[in-house]
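A structural walkthrough
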Amino acid sequence: LALAPSGTEAQSIAQPGQSQDRQDASDEHGKQGRPWAIVGSWLSTTATGLRQFMTFHSDGTVLRSVPGEVSTDPARPPHTPAFGVWRYLGKGRFGVTIWDLFYDVNTAQPLRYIRLRLEVTLADDRDSASARAIVETIDLQGVVVGSRTGSANMVRIPFEPLE
C-alpha cells in the first residue's frame, strides 16, 4: 500500500497578516462555523453501540482509540490506535480521514488496514455532534476489499475541575 505524502497542516482561513488568534476570535461563519470548534476530545458512540475516543488537534490531526486494539484472539487481530487528519468543510461540518493497521499478534506482520471517513456536523451547543461514516477494509496491496456505512453520536469531554 502506498500512501501519497501530504502535509497535515491545519485548515487556515486567516487573511494574510492576520494571526490565528485573531481569526479564531472572529466568528465570520456563524455560531457553528469556527474552523477550530471541533478541537478537543470526544466520546463517540456508533449506531451499533461501539464506544470510541477521538481527539482532534488544532494542527489538523486526529487520534482515535477503540476497544479491541489489544487482542490475542486470531479471529480478532490487534490493531494500532488510529491516526488521521481533519478539515473544516464549512457551516459546522468537518471531514475526517483516519487509518489503522491490523497485525498478527505473534509476528507483528501487517494484515490489513481500515480507513474510516467521516463527515461530522456540530450541534448548536458545539459540545455534541453527529457523524456519517464510511469504513473500508483495505488489503496490503491497497485494494478495498470491504466497505460499510454507519453513523455515530459524539459528545465533547468537558473539563471538570477538582473542586
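Description of the structure in this document. (Residues numbered from 1 in each chain as written. Predicted model: local features only at pLDDT ≥ 70, side-chain atom pairs only at ≥ 80, totals over all residues. Heavy atoms only, no water.)

1. With respect to the packing of aromatic side chains
The cut-off we apply is this: Note on ring pairs: Phe, Tyr and Trp rings are taken, using the six-membered ring of Trp, and paired if centres are within 6.5 Å. Classes follow the plane angle, with under 30 degrees stacked, over 60 edge-to-face and the rest tilted. Accessibility here uses a 1.4 Å probe with only protein chains present; expressed as a share of the type maximum, an area under 20% marks a residue as buried, one over 50% as exposed, and anything in between as partly exposed. The rule is short: NZ of Lys or CZ of Arg within 6 Å of the ring centre and within 35 degrees of the ring normal puts a charge over the ring.
Considering all chains together, one arrives at four aromatic pairs under this definition. Look at Trp86 and Phe94: their rings are 5.8 Å apart centre to centre, the planes differ by 70°, and that puts the pair in the edge-to-face class. Assessed through its relative accessible area of 0%, Trp86 is described here as buried. By relative accessible area, which is 0% here, Phe94 ends up buried. A network of ring pairs unites the aromatic residues Trp36, Trp86, Tyr88 and Phe94 as a single cluster. Lying over the aromatic face of Phe102, Arg112 brings its terminal NZ or CZ to 4.7 Å of the ring centre.

2. Some points on the environment of Ser130
Here is the rule: In this text, helices come from DSSP runs of H or I with a minimum length of four residues, and strands from runs of E with a minimum of two, each type numbered from the N-terminal end. In what follows, residue pairs with any heavy atoms lying within 4.5 Å of each other are defined as contacts.
Counting through the fold element by element, Ser130 comes out in strand 7 (residues 128-138). The exposure class of Ser130 is partly exposed, given its relative accessible area of 35%. Residues Ser130 and Ser44, 86 residues apart in the sequence, show an inter-C-alpha distance of 8.9 Å. The residues touching Ser130, leaving out its near neighbours within four places in the chain, are Glu119, Val120, Thr121, Ala152 and Asn153.

3. Focus on the sheet that holds strand 3 (residues 61-65)
Here is the rule: By definition, two strands form a pair when at least two bridges between them are found by DSSP. To obtain each axis, a line is fitted to C-alpha atoms, and for helices this fit is confined to the stretch in contact; angles are then taken between N-to-C directions over 0 to 180 degrees.
If you trace the eight strands once around the closed barrel, you get 1-2-3-4-5-6-7-8, paired in antiparallel fashion. Each neighbouring strand pair of the sheet contributes to a mean axis angle of 30°, computed without reference to strand direction. Strand direction decides the pairing type here: strand 3 and strand 4 (residues 82-90), joined by four bridges, are antiparallel. For Thr61, the partnering residue across the bridge sits in strand 4 and is Val85.

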